[in-house]
Amino acid sequence: MAAPIIKSRQVQKEVNGISTEVICTEFSNYIFVVLTQYGKIGTLISVTPDSRSNDISTPTFSTKVLLGKDEPMTHVCAKNLGMFVSQEAGSRPVLLGLALKDSSIDTIKQIKEVIKSCQVW
């Protein structure tokens, strides 16, 4: 039997008392991750490794809001979570759906742990 073309996994956990769903999907050229506390995809952000970086030891990432609220905090959360996912997945670009009620540092740290349990790459 052939391996599936698209691998996907969904995990639901309480993060700081808020029900949080994480859906990780691996495509051939990028990783799609939805992080929601509202049951919706929310703001869609592209997080890509920046090839113009001169220092190979500290990769840089670019964020671009494709759909939804283009706010500074969205970029901060997306870059933090997107970098984490991309580095775990071999520096692949990440498409991130964010719909968070709580975007505190503690919540982001806990969400990273949930992402680890949801890995498909």
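Residue positions are given per chain, counted from 1 along the sequence in the order it is written. Under the rules for a predicted model, residues below a pLDDT of 70 receive no local features and side-chain atom pairs below 80 are neither given nor counted, while totals for whole chains, interfaces and linings still include all residues. The side-chain quantities take in all heavy atoms of the structure and omit both hydrogens and water.

- Under an unreviewed UniProt entry, the name given to the chain is Proteasome assembly chaperone 3, and the source organism is Stegastes partitus.

1. As for the side chain of T36
Part 1: Tracing the sequence through the fold places T36 in strand β3 (residues 31-36).
Part 2: Here's how the labels work: a residue is buried when its accessible area is under 20% of the maximum for its type, exposed when over 50%, partly exposed in between, all with a 1.4 Å probe on protein chains only. A residue is classified by how much of its surface remains accessible, and T36, at 3% relative accessible area, is buried.
Part 3: Counted as a polar contact is a pair of N or O atoms within 3.5 Å, where, for protein atoms, one must be capable of donating a hydrogen and the other of accepting one, and residues adjacent in sequence contribute only when both atoms are in side chains. A polar atom in the side chain of T36 sits 3.1 Å from the backbone nitrogen of Y38.
Part 4: A polar contact is formed between the side chain of T36 and the backbone nitrogen of G39, at a distance of 2.9 Å.
Part 5: Apart from residues lying up to four places away in sequence, T36 is in contact with S19, T20, E21 and A99. Every helix listed is a DSSP run of H or I at least four residues long, and every strand listed is a run of E at least two residues long, numbered separately from the N terminus. We call two residues in contact when some of their heavy atoms are within 4.5 Å.

2. Focus on the packing of helix α1 (residues 72-88) against helix α2 (residues 105-117)
Part 1: To obtain each axis, a line is fitted to C-alpha atoms, and for helices this fit is confined to the stretch in contact; angles are then taken between N-to-C directions over 0 to 180 degrees. Following both chains from N to C, one finds α1 and α2 inclined at 30°, their axes separated by 11 Å at the closest point. When the interaxial angle is binned, α1 and α2 end up roughly parallel. Taken as a pair, α1 and α2 cross one another with a handedness that is right-handed. Residues C77, N80, L81, F84 and V85 of α1 form the contact with α2, whose participating residues are I108, I111, K112, I115 and K116. Note that the term roughly parallel is reserved for angles under 35 degrees, roughly antiparallel for angles over 145, roughly perpendicular for angles of 65 to 115, and oblique for everything else. Two helices that cross are described as forming a left-handed crossing if the nearer one is turned anticlockwise from the farther one by less than a right angle, and a right-handed crossing if clockwise.

3. A few points about the packing of aromatic side chains
Part 1: Think of it this way: a Phe, Tyr or Trp ring, Trp meaning its six-membered ring, pairs with another when their centres are within 6.5 Å, and the plane angle makes it stacked under 30 degrees, edge-to-face over 60, tilted otherwise. Going through the model one piece at a time under the given rule, you end up with 1 aromatic pair.
Part 2: Geometrically, the ring pair formed by F27 and Y30 is stacked, given 5.0 Å between the ring centres and 25° between the ring planes.
Part 3: On the accessibility criterion, Y30 (26% relative accessible area) is partly exposed.
Part 4: Sitting over the ring of Y38, K101 keeps its end group 5.3 Å from the ring centre. Remark: a charge is flagged as sitting over a ring if the NZ atom of Lys or the CZ atom of Arg is within 6 Å of the ring centre and within 35 degrees of the ring normal.

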